[in-house]
Amino acid sequence: MTLGFVQKEQKCRKAIKLDIHVSASDQNYFVTKEDIHQLLTDRGDSIVHQPLSAINVPDMERLIMNNPSVASANVYVSVNGEVHISATQRKPVARIFNLSGESYYMDQDGRLMPWSSSYTADVVAANGFVTESYGNWYRYSIKDIESSTPLRELSVLDDIYHIADYIQKDKYRKSLIGQIYVNSSKEFELIPSVGTFRIVLGDASELEEKFNKLLLFYREGLRNTGAWNEYSVINLKYKNQIVCTKRF
């Protein structure tokens, strides 16, 4: 009798509070607490004052995950009637500008995410001969591209991801490089944050070796006053050598 009364009381209990938390490691919020609250409001979910038995937790999680800036979502209801929503934002590693002038982000898991007019992530930019549109490619992850020969032959997104991710993982590399440029031969060039030279990577292979050569050039080749403007091209694509072209 007592157990039945408690169960009936729990079914009748209403939500007394909605608590929303969004986690963003870089403090750039592409999705906010207000955005998530608006998602629920637009669907007609007031949450607060609703019976706890009417709150569909899996459905709420699916709704929040439909936001393209959300990486994960967790919803739970406490015994005292509080509804807690915890969402983790996706973390961009590159901002891509294609030949059509469209801009979008690529996240740390190798998936595309839309550009935001509210927030700009501090990540390397990638542009040049990039033809992929967000609408045609957002459904493919980097793993999808790399596992499909036709997609791999069509796209440079997988190579951009590996270069950008390698740059983003190290503060010093990130401070050196401001832009990834895809040239007409589909080779990759880096535009430094300081200096007027181009850094030719070639393809996206052997990144550790190529960046070690670049750091060696920065330490040894740019020690003299005025050396920053002495070179027009620093070519790293050849095995075990750095080919420097002087400015005329």
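From a predicted model like this one, the values you see are computed outputs, not experimental measurements.

*Asks:* What is the right way to read the pairing of strand E11 (residues 231–235) from this model?
*Replies:* Along any regular strand, the residues point their side chains to alternate faces of the sheet. Within E11, five of the five residues are buried, which leaves it mostly tucked inside the rest of the structure. Where strand E10 (residues 198–202) and E11 come together, three bridges link them in parallel fashion. By the bridge assignment for E11, isoleucine 199 is matched with isoleucine 234.

*Asks:* Please explain the nonpolar core as it appears in this structure.
*Replies:* General note: in soluble globular proteins, nonpolar side chains tend to be found buried as a group. By size, the foremost hydrophobic cluster in this structure holds 41 residues, and its most contacted members are Leu157, Ile163, Ile177, Ile180, Leu190 and Ile199. When neighbours within four sequence positions are excluded, leucine 190 is seen to be in contact with Ile163, Ile167, Ile177, Gln179, Ile180, Arg198, Ile199, Leu201 and Phe211. Leu18, Val22, Leu63 and Val75 belong to the second-largest nonpolar core, a separate cluster that totals 19 residues.

*Asks:* Explain the sheet that holds strand E8 (residues 177–182) here, please?
*Replies:* Picture the strands of a sheet paired through backbone hydrogen bonds; they go either parallel or antiparallel. The strand order across the open sheet built from nine strands is E6-E5-E4-E7-E8-E9-E10-E11-E12, with neighbouring strands paired in mixed fashion. If you trace the sheet from one side to the other, it starts and ends with strand E6 (112–114) and strand E12 (243–246), each paired once. Sheet twist, expressed as the average angle between the axes of neighbouring strands with direction ignored, equals 25°. The pairing of strand E9 (residues 188–192) with E10 spans three bridges and is antiparallel. Its bridge partner being in E10, leucine 190 is matched across the sheet by isoleucine 199. Each of strand E4 (92–97), strand E5 (103–107), E6, strand E7 (124–128), E8, E9 and E10 touches helix H7 (residues 157–168); the most contacted strand, E4, lies at about 135° to it. Of the strands in this sheet, E8, E9, E10, E11 and E12 touch helix H9 (residues 207–221), which is tilted by about 155° from E10.

*Asks:* When you look at the packing of aromatic side chains in this model, what are you seeing that I'm missing?
*Replies:* Two numbers describe a pair of aromatic rings. These are the distance of the centres and the angle of the planes. Inspection of the entire model under this criterion finds nine aromatic pairs. Aromatic pair phenylalanine 30 and tyrosine 105: ring centres 5.3 Å apart, planes at 75°, arrangement edge-to-face. Here phenylalanine 30, found in the loop between strand E1 (17–23) and helix H2 (33–42), pairs with tyrosine 105, found in strand E5; they are 75 residues apart in sequence, far enough to count as distant. Judged on exposure class, the residue phenylalanine 30 and its partner tyrosine 105 are both buried. Taking 6.3 Å as the distance between ring centres and 90° as the angle between the ring planes, the aromatic pair formed by phenylalanine 217 and tyrosine 218 counts as edge-to-face.

*Asks:* For this particular structure, what's the right way to read the confidence of the model for the protein?
*Replies:* Taken over all residues, the pLDDT of the protein has a mean of 88, while the share at 70 or more is 92%. Taken as a whole, residues 1–6 scores under 50 in pLDDT and shows zero contacts with residues more than four places along the chain or in a different chain.

*Asks:* Explanation requested: helix H3 (residues 57–65) in the structure shown.
*Replies:* Structural remark: α-helix, 3.6 residues per turn; residues separated by three or four positions point the same way. All buried positions along H3 are accounted for by Met60, Leu63 and Ile64. Along the long axis of H3, the arc covered by the buried residues comes to 95°, so they all point the same way. Where H3 is buried, its residues meet H2, strand E2 (70–77) and strand E3 (82–89). Sitting at the head of H3, asparagine 56 places a side-chain oxygen 3.0 Å from the backbone nitrogen of aspartate 59.

*Asks:* Would you take a moment to explain the side chain of asparagine 235 for this structure?
*Replies:* By the secondary structure assignment, asparagine 235 is in strand E11. There is a polar contact of 3.0 Å between the side chain of asparagine 235 and the backbone nitrogen of lysine 237. When sequence neighbours within four positions are dropped, the list of residues in contact with asparagine 235 reads Val200, Gln241, Ile242 and Val243.

*Asks:* Honestly, the packing of H7 against H9 in this entry has me stumped. Any pointers?
*Replies:* A pair of packed helices can be characterised by two numbers: the angle between their axes and the separation between those axes. Direction vectors running N to C along H7 and H9 enclose 50°, while the axes themselves pass 11 Å from each other. On the basis of the axis angle, H7 is oblique to H9. Along this stretch, H7 crosses H9, giving a crossing that reads as right-handed. Contact with H7, carried on its side by His162, Ile163, Tyr166 and Ile167, involves Leu207, Glu208 and Phe211 of H9 and no other residues of that element.

*Asks:* I keep staring at unusual backbone geometry and nothing clicks. Help me out?
*Replies:* It is generally the case that most residues other than glycine have a negative phi and that most peptide bonds are trans. The phi torsion at glutamate 206 lies on the positive side, around 50°, for a residue other than glycine. For glutamate 206, the location among the structural elements is in the loop between E10 and H9.

*Asks:* What exactly am I supposed to notice about the sheet that holds E2 here?
*Replies:* In space, the three strands of this open sheet follow the order E1-E3-E2, with mixed pairing throughout. Both outer strands of the open sheet, E1 and E2, are each paired with one neighbouring strand and no more. Here the average twist between neighbouring strands, direction ignored, is 15°. Both E1 and E3 contribute to a ladder of seven bridges, which runs parallel. When the sheet's bridge partners are listed, lysine 17 is paired in E3 with glutamate 82. The sheet strands contacting H2 are E1 and E3, and the helix crosses E1 at an angle near 130°.

So, how was this worked out
- Residues numbered from 1 in each chain as written.
- Predicted model: local features only at pLDDT ≥ 70, side-chain atom pairs only at ≥ 80, totals over all residues.
- Heavy atoms only, no water.
- Buried < 20%, exposed > 50% of the residue type's maximum accessible area, 1.4 Å probe, protein only.
- Helix = DSSP H or I, 4+ residues; strand = E, 2+ residues; numbered from the N terminus.
- Pairing = 2+ DSSP bridges.
- Core = buried A, V, L, I, M, F, W, Y, C linked by side-chain atoms within 4.5 Å.
- Contact = heavy atoms within 4.5 Å.
- Axes fitted to C-alpha atoms, helices over the stretch in contact; angles between N-to-C directions.
- Phe/Tyr/Trp six-rings, centres within 6.5 Å; stacked < 30°, edge-to-face > 60°.
- pLDDT = per-residue confidence, 0-100.
- Arc of directions from axis to C-beta.
- Polar contact = N/O pair within 3.5 Å; in protein donor to acceptor, adjacent residues only side chain to side chain.
- Parallel < 35°, antiparallel > 145°, perpendicular 65-115°, else oblique.
- Left-handed = near helix turned anticlockwise from the far one by under 90°.

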